[in-house]
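If you want the building blocks of each chain, they are given just below.
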Amino acid sequence: MIKFSGRIDYELKKQILKQRDRQLGWLMLGAAIICGTGTLIISILNGAVYYKLLVPTVVIIVMSIISLIAPQPNNCFRIDWNYTVSIVNGKIYKVQFQQPDVVKEVNKIKKVIDEGKWYTIIYSGLSNAIICQKNLLVEGTLEEFETIFAGKIKRRGRKK
């Protein structure tokens, strides 16, 4: 059995929130491009500019840019992120905020990214991932962890 348990540190919280905002920003920008292209095509075909369609597109573009470049507010970091991740008999159990959340089979994991101070276990996309902070390992060893996910671990080259 391998078990990570405790409170996620400031640096990791900051990285997770930054990735989330970046993904949201790119998603909104993609939606804006699709809406803008549709508005442009409709305007060209009908010979008129549709401001009612253009205004939401501009708003989405502005919101996506803000999401991509805005810093995180400090109140996001005040909340403690306590969690437990256990790997037992080929299954991954995650408990966050005292609620059992995820049960995944190890063989269904796409990849594990070694970020230096933590592992990101990805099972269906970056937004569907489990974080295992290395210094919160309370049972088992990192070598056992890496043996379980042999062949799926990609190293990012961040400082340890």
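Residues numbered from 1 in each chain as written. Predicted model: local features only at pLDDT ≥ 70, side-chain atom pairs only at ≥ 80, totals over all residues. Heavy atoms only, no water.

Trainee: Where do I start with unusual backbone geometry in this structure?
Mentor: Glycine aside, a negative phi is what most residues show, and trans is what most peptide bonds show. With a phi angle near 50°, N89 is a residue other than glycine that sits in the positive phi range. Relative to the assigned elements, N89 resides in the loop between strand 2 (82-88) and strand 3 (91-96). Under the relative-accessibility criterion, N89 is labelled exposed at 76%. (Helix = DSSP H or I, 4+ residues; strand = E, 2+ residues; numbered from the N terminus. Buried < 20%, exposed > 50% of the residue type's maximum accessible area, 1.4 Å probe, protein only.)

Trainee: Help me out: how do you make sense of the packing of helix 1 (residues 10-46) against helix 2 (residues 51-69) in this one?
Mentor: Pairs of packed helices are described in terms of their axes, by the angle between the two and the distance that separates them. Between helix 1 and helix 2, the least distance of the axes is 8 Å, while the angle of their chain directions is 160°. In terms of axis orientation, helix 1 runs roughly antiparallel to helix 2. Crossing handedness for the pair helix 1 and helix 2: left-handed. Contacts between helix 1 and helix 2 involve D21, R22, L24, G25, W26, M28, L29, A32, C35, G36, T39 and I42 from the former and L53, L54, T57, I60, I61, M63, S64, S67 and L68 from the latter. By residue class, the composition of the contact of helix 1 with helix 2 is 13 nonpolar, 6 polar and 2 charged. (Axes fitted to C-alpha atoms, helices over the stretch in contact; angles between N-to-C directions. Parallel < 35°, antiparallel > 145°, perpendicular 65-115°, else oblique. Left-handed = near helix turned anticlockwise from the far one by under 90°. Contact = heavy atoms within 4.5 Å. Nonpolar A, V, L, I, M, F, W, Y, C, P; charged D, E, K, R; others polar.)

Trainee: How do you make sense of the sheet that holds strand 7 (residues 129-133) when you look at a structure like this?
Mentor: Taken together, the 4 strands give an open sheet; going across it, the order is 7-6-5-9, and neighbouring strands pair in mixed fashion. The open sheet has two edge strands with one neighbour each: strand 7 and strand 9 (153-155). The mean inter-strand angle of the sheet, taken between neighbouring strand axes irrespective of direction, is 20°. Across 3 bridges, strand 5 (residues 111-114) lies against strand 9 in parallel orientation. In the strand pairing of strand 9, D114 is matched with R155. (Pairing = 2+ DSSP bridges.)

Trainee: In this structure, what is going on with the packing of aromatic side chains? I would like to understand it.
Mentor: Both the distance between ring centres and the angle between the ring planes are used here to describe each pair of aromatic rings. Under the counting rule described, the total for this entry stands at 3 aromatic pairs. Taking the centre distance of 5.6 Å and the plane angle of 90° together, the rings of F4 and F145 count as edge-to-face. On the criterion of sequence distance, the pair formed by F4 in strand 1 (residues 2-7) and F145 in helix 3 (residues 142-148) is long-range, its members being 141 residues apart. Here F4 matches F145 in class, with each residue buried. Ring plane angle 50° and centroid distance 4.9 Å describe the contact between F145 and F149, whose orientation is recorded as tilted. Pairwise contacts between aromatic rings join F4, Y119, F145 and F149 into one cluster. When the ring centre of Y119 is taken as reference, the NZ or CZ atom of K134 above it lies at 4.6 Å. (Phe/Tyr/Trp six-rings, centres within 6.5 Å; stacked < 30°, edge-to-face > 60°. Lys NZ or Arg CZ within 6 Å of the ring centre and 35° of its normal.)

Trainee: What exactly am I supposed to notice about the environment of L53 here?
Mentor: Looking at the secondary structure, you find L53 in helix 2. Taking C-alpha positions, L53 is 7.9 Å from C35, a pair spaced 18 residues apart along the chain. In this structure L53 touches T39 and I42, once residues within four positions along its chain are discounted.

Trainee: Help me understand helix 2, please; the structure alone is not making it clear to me.
Mentor: Since the α-helix advances by 3.6 residues per turn, residues separated by three or four positions end up pointing in the same direction. The end-to-end C-alpha distance of helix 2 is 27 Å, a good match for the 27 Å that 19 residues give at a rise of 1.5 Å each. Inspection of helix 2 places T57, S64 and S67 among the buried residues, and these make up the whole buried set. Down the axis of helix 2, the smallest arc covering the buried residues is 90°, so these residues share one side. Turned more than 90 degrees off the buried face of helix 2, the exposed positions are Y51, K52, V55 and I69. Contact partners of the buried residues in helix 2: helix 1. (Expected span 1.5 Å × (residues − 1). Arc of directions from axis to C-beta.)

Trainee: What exactly am I supposed to notice about the side chain of S86 here?
Mentor: Residue position: S86 is located in strand 2. Here S86 is in contact with M1, I2, K3, K91, I92 and Y93, once residues within four sequence places are set aside.

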